[in-house]
Amino acid sequence: MAQIVIGCDNAAVSLKNELVEFLKSQGAEVEDIGVAAASDDTPYPEVAARLARIIIAGGGAKKGVLLCGTGIGMAISANKFPGIYAAQVHDAYSAERACLSNNANVITMGARVIGAELAKKLVAEWLPLEFVPGRSSSKIEAIRKIERENFRNV
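The model shown is predicted, which means the values in this text are computed figures rather than measured ones.

Conventions adopted
Residues numbered from 1 in each chain as written. Predicted model: local features only at pLDDT ≥ 70, side-chain atom pairs only at ≥ 80, totals over all residues. Heavy atoms only, no water. Helix = DSSP H or I, 4+ residues; strand = E, 2+ residues; numbered from the N terminus. Rg over C-alpha atoms; globule rule 2.2 N^0.38 Å. Buried < 20%, exposed > 50% of the residue type's maximum accessible area, 1.4 Å probe, protein only. Contact = heavy atoms within 4.5 Å. Areas by Shrake-Rupley, 256 points an atom, 1.4 Å probe, with all protein chains shown as cover. Lys, Arg positive; Asp, Glu negative; His and termini not counted. Charge placed at Lys NZ, Arg CZ, Asp CG, Glu CD. Axes fitted to C-alpha atoms, helices over the stretch in contact; angles between N-to-C directions. Parallel < 35°, antiparallel > 145°, perpendicular 65-115°, else oblique. Left-handed = near helix turned anticlockwise from the far one by under 90°. Nonpolar A, V, L, I, M, F, W, Y, C, P; charged D, E, K, R; others polar. Disulfide = S-S within 2.5 Å. Pairing = 2+ DSSP bridges.

So, on to the overall build of the protein. If you tally the helices and strands in the protein, you get six helices and five strands. Helices (α) and strands (β) of the protein occur, in sequence order from the N terminus, as β-α-β-α-β-α-β-α-β-α-α. The C-alpha radius of gyration computed for the protein amounts to 15 Å, which stays within 12% of the reference 15 Å derived for 154 residues, consistent with globular compactness. By principal-axis analysis of the C-alpha atoms, the protein measures approximately 40 × 30 × 25 Å. Within the protein, the proportion of its 154 residues that are buried is 46%. Across the protein, the fraction of contacts at a sequence separation of at least 24, relative to all contacts at a separation of at least 6, is 68%. Summing over all exposed atoms, the protein offers an accessible surface of approximately 7900 Å²; the carbon and sulfur share of this is 53%. In the protein, 17 side chains carry a positive charge and 17 a negative one; their mean positions are 7 Å apart.

Printed below as a string of structure tokens:
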């Protein structure tokens, strides 16, 4: 059973709620870390940080979904954490390649960019994928090398 952590800012509460319902209906174990209301003005970097820390603490067993207005700010924020590989996705190909080419353990989407049905499709396509070592392995290792260099004093 898939384990998902999902979070959003106030621009994406409605989309998050739809995705939570959808994921649960598909048998996924979902941890909703908020925000819960459009009136909650928690900045998206705080939500991304909360999600990243949960994934890191769990040893990478969980995958994450972050939502904001565009998905951009969430991806930037989440990628500040070692071991978090967040990719903004907006179509089936980008969702597939996020995992298969880039080993992304977090995807981000924009509620002002895509609708709920597309978001459900993207999560459903991305979630069961696993990175398979191959042509992209050397690139993933290059990313990890940069990560080790930049996070060595953290």
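What follows picks up the thread again.
It is the contact of helix α4 (residues 92-100) with helix α5 (residues 116-126), at a shortest axis distance of 9 Å, that shows an interaxial angle of 30°. In this view, α4 runs roughly parallel relative to α5, as classed from their interaxial angle. Crossing angle aside, the handedness with which α4 passes α5 is right-handed. Contacts between α4 and α5 involve A92, A95 and C99 on the former and, on the latter, L122, E125 and W126. Taken together, the residues that form the contact of α4 with α5 break down as five nonpolar, no polar and one charged.

This paragraph deals with the state of the cysteines. Summed over all chains, the structure comprises zero disulfides. Here C68 is not cross-linked by a disulfide; its sulfur's nearest cysteine counterpart is in C8, at 9.5 Å. Among the residues examined, C68 registers a relative accessible area of 3% and is labelled buried.

Taking strand neighbours across the sheet as the criterion, the five strands line up as β2-β1-β3-β5-β4 in an open arrangement whose pairing is parallel. Two strands bound the open sheet, and with one partner strand each, they are β2 (29-32) and β4 (86-88). Taking the axes of each pair of neighbouring strands and ignoring which way they run, one obtains an average angle of 25° across the sheet. Of the strands in this sheet, β3 (63-68) and β5 (106-110) touch α5, which is tilted by about 170° from β5.

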